[in-house]
Structure formats: structure tokens, C-alpha cells
Amino acid sequence: MEEIYAKFVSQKISKTRWRPLPPGSLQTAETFATGSWDNEENYISLWSIGDFGNLDSDGGFEGDHQLLCDIRHHGDVMDLQFFDQERIVAASSTGCVTVFLHHPNNQTLSVNQQWTTAHYHTGPGSPSYSSAPCTGVVCNNPEIVTVGEDGRINLFRADHKEAVRTIVWEVHFHPSNPEHLFTCSEDGSLWHWDASTDVPEKSSLFHQGGRSSTFLSHSISNQANVHQSVISSWLSTDPAKDRIEITSLLPSRSLSVNSLDVLGPCLVCGTDAEAIYVTRHLFS
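Residues numbered from 1 in each chain as written. Predicted model: local features only at pLDDT ≥ 70, side-chain atom pairs only at ≥ 80, totals over all residues. Heavy atoms only, no water.

Per an unreviewed UniProt entry, the recorded name for the protein is NUP43 isoform 6, and the organism is Pan troglodytes. Per UniProt, the comment on the protein under Subcellular location (unreviewed entry) is "Nucleus". (UniProt positions renumbered as here; feature names shortened; annotations may be inferred.)

A. Quick look at the overall build of the protein. When helices and strands are counted, the protein shows 0 helices and 23 strands. Across the 284 residues of the protein, 35% fall into the buried class. Within the protein, contacts between residues separated by at least 24 positions form 45% of all contacts whose residues are at least 6 apart in sequence. Summing over all exposed atoms, the protein offers an accessible surface of approximately 17,000 Å²; the carbon and sulfur share of this is 52%. (Helix = DSSP H or I, 4+ residues; strand = E, 2+ residues; numbered from the N terminus. Buried < 20%, exposed > 50% of the residue type's maximum accessible area, 1.4 Å probe, protein only. Contact = heavy atoms within 4.5 Å. Areas by Shrake-Rupley, 256 points an atom, 1.4 Å probe, with all protein chains shown as cover.)

B. Fine view of the side chain of Asp 84. Tracing the chain through its elements places Asp 84 in the loop between strand 5 (77-82) and strand 6 (87-92). Classification of Asp 84 by relative accessible area gives buried; the value is 17%. Here the side chain of Asp 84 touches Glu 86 through a polar contact of 3.0 Å, landing on its backbone nitrogen. Of note is the side chain of Asp 84, whose polar atom sits 2.7 Å from the side chain of Arg 87. The residues touching Asp 84, leaving out its near neighbours within four places in the chain, are Pro 20 and Asn 141. (Polar contact = N/O pair within 3.5 Å; in protein donor to acceptor, adjacent residues only side chain to side chain.)

C. Spotlight on a nonpolar patch on the surface. On the surface, a cluster of nonpolar side chains totalling about 290 Å² of accessible area is made up of Val 268, Ile 276 and Val 278. Residue class for Ile 276 comes out exposed when judged on its relative accessible area of 66%. (Patch = residues over 30% accessible without salt bridge, like charges linked within 9 Å, V, L, I, M, F, W, Y side chains within 5 Å. Salt bridge = Lys/Arg side-chain N within 4 Å of Asp/Glu carboxyl O.)

D. Just the environment of Ser 248, in detail. Looking at where Ser 248 falls in the secondary structure, it is placed in strand 20 (residues 243-248). Overall, Ser 248 belongs to the partly exposed group, its relative accessible area being 29%.

E. Structural context of the sheet that holds strand 12 (residues 143-148). Taken in spatial order, the 4 strands make up an open sheet running 11-12-13-14, and their pairing is antiparallel. Two strands bound the open sheet, and with one partner strand each, they are strand 11 (134-140) and strand 14 (165-167). For this sheet the average axis-to-axis angle between neighbouring strands, irrespective of direction, equals 20°. When strand 13 (residues 153-157) meets strand 14, the two strands line up antiparallel, connected through 3 bridges. Paired with Asn 154 across the two strands is Thr 166, which belongs to strand 14. (Pairing = 2+ DSSP bridges. Axes fitted to C-alpha atoms, helices over the stretch in contact; angles between N-to-C directions.)

F. Examining the confidence of the model for the protein more closely. Counting all residues, the mean pLDDT for the protein is 79, and 75% of those residues have values of 70 or more. Here residues 52-61 is modelled with pLDDT under 50, and outside its nearest four sequence neighbours on either side it reaches 14 contacts, counting other chains as well. (pLDDT = per-residue confidence, 0-100.)

G. Highlighting the environment of Ile 153. Tracing the backbone shows Ile 153 in strand 13. Taking the C-alpha atoms as reference, Ile 153 lies 9.7 Å from Val 137; in sequence the two are 16 residues apart. In this structure Ile 153 touches Val 145, Thr 146, Val 147, Arg 165, Thr 166 and Ile 167, once residues within four positions along its chain are discounted.

H. Looking closely at the pairing of strand 16 (residues 180-184). Judged by how many residues are buried, strand 16 sits mostly within the fold: 5 of 5 residues are covered. Hairpin connection between strand 15 (residues 170-173) and strand 16: a loop of 6 residues separates the two successive antiparallel strands. In this structure, strand 16 lies alongside strand 17 (residues 190-194), joined through 5 bridges in antiparallel fashion. Each bridged residue has a counterpart across the sheet, and for His 180 the counterpart in strand 17 is Asp 194. Connecting strand 16 to the antiparallel partner strand 17 that follows it, the hairpin turn spans 5 residues, and Gly 188 within it adopts a positive phi of roughly 90°.

I. Representation of the sheet that holds strand 22 (residues 266-271). Pairing in this open sheet of 3 strands is antiparallel, and the strands run 21-22-23 from one edge to the other. Here the strands that pair on one side only, and so sit at the sheet edges, are strand 21 (257-263) and strand 23 (276-279). Between one strand and the next, the sheet's axes are offset by a mean angle of 10°, whatever the strand orientation. Pairing between strand 21 and strand 22: 6 bridges, direction antiparallel. Along strand 22, the bridge assignment pairs Leu 260 with Cys 269.

What follows is the structure in C-alpha cells.
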């Protein structure tokens, strides 16, 4: 078994990521980044694994990974991804998304770009934003996609100060029938997600179920049997319930649908098109 090298860093490590190698490179991975969480001060750190296999002056092997540089990070590091060879994107529990730049000449990290309110909660009467943790990032230069506990998906570009696009504004389970979920979005969509419908198995992942409905396949896994009365249909492993029916409730896409509420068979939503939509027949 290969020897494993340990280094105690006095920080709880939440994320580790290898720096990608240049295209066509035959080198092995040498540098990785870490992010910390649940500490009085959290850090983004860059490390080098050194020269594995080389003998040191005492005749032992040099295998200890060395800290190249670090920088303080506000909040817990919820996710960490390399954007390219020099830049690292970090997602924070404060809702902030930060791009850090590595300067190899003097081995330092600096803030290259930052979206401080990428994810946030708002509520009735709230005088200002309250932060929502950004829980994940994925990068494909020049684009960065983030997700957060506010239910939003943001698309950023490295050369833009604001989000290029934002999706899923509010998400509501039906208060008395949680098999029904309702979502509204900045892209003008208002969707009804119905997990109560039994649909015969189809070969494709998506298929049209009428003019405004789509069926989305569940991923079925064999888990321990749990009585159906005590498990949500969203977590069901019953093969007979392997589809979610998704229905668009608005006749056509409009400007952003900013808010919705559901009670019994009634739904109300408000939009940036200066319109309020109401239906009293959700399940008819």
C-alpha cells in the first residue's frame, strides 16, 4: 500500500480540489486548494505536494505538503472549484461568491472578483436582504453557475458584475398535500410539480404529456422497505411511482414571476409584467 502523508493544519477542512493540469500535460498533480469551515477565521489555501520520492538530507523521503499561500475567507467555504490555472471560485455560507487569483511570482492570493449578494432571502416587510448560503458552484470558463439555499440558480460570467441569468424565485409545497410542489422563476415560468401521478414507464427520460405537461423520471434505487404512509412521495422507492408530472400554469412566458402562494385549490402569483394571476381550480 502506498504511504499516506498527513499534515495537521489546525483548521476544519470542508473542501479540497486539485489544480487542473494544462491541456496535453504529462505531469502529475502537484498543487491543490483547500477551504475551511466552522472556524473562528476561515481560509482558502493553496498547497504543493513537493517532490515525492526524493531523498532529503536525513535519508528520508520528502512527502510533506507545503503551504504556498492562503487568504482569509468570510464565512464557511461551502464549495470550491478551480476556474482556470490561476483562479479559484469559492462559495460562502454568507451567500457570497468570490474568485481568488493566485500570483505565482510572490505566492499570494488576492480577490479577483466578488458577487457579495449572489444568494439571499427576502421576506414580507424585510428592510434589506438576509444572506442565504451558496451551496455549490460549477465552472466552465468564462461561466460560473451557483446554487443556494434561497432556491436560486445563478449564471455568472467572469467579465460581468451582475448575474447574467437567475432561475427558481420561490418554491412552495402545497400546505395540505405535499405531493404537489409549485415554483416560479425569473424566466417567467410558473410550474406545478405533481409527484402523486402514476405513469406507465417510458423509455425516455422526458416525454410530452399534453400541451403543457412533461413527465420527469425518478431515479429508482433499492432501499429498505418503508411503509408508504410515513414516507414522502418525493423520496418513494416504489417502482410504480417513477414519474413527476410537470405542468406549466401560465399560458405563455412573461417577465419574471416573482412570488406565488397556494391554499387549497387556489393559487396566486405576481409578475414584473404588472399582472397578477389567480386560479381557483388547481386540481380540476
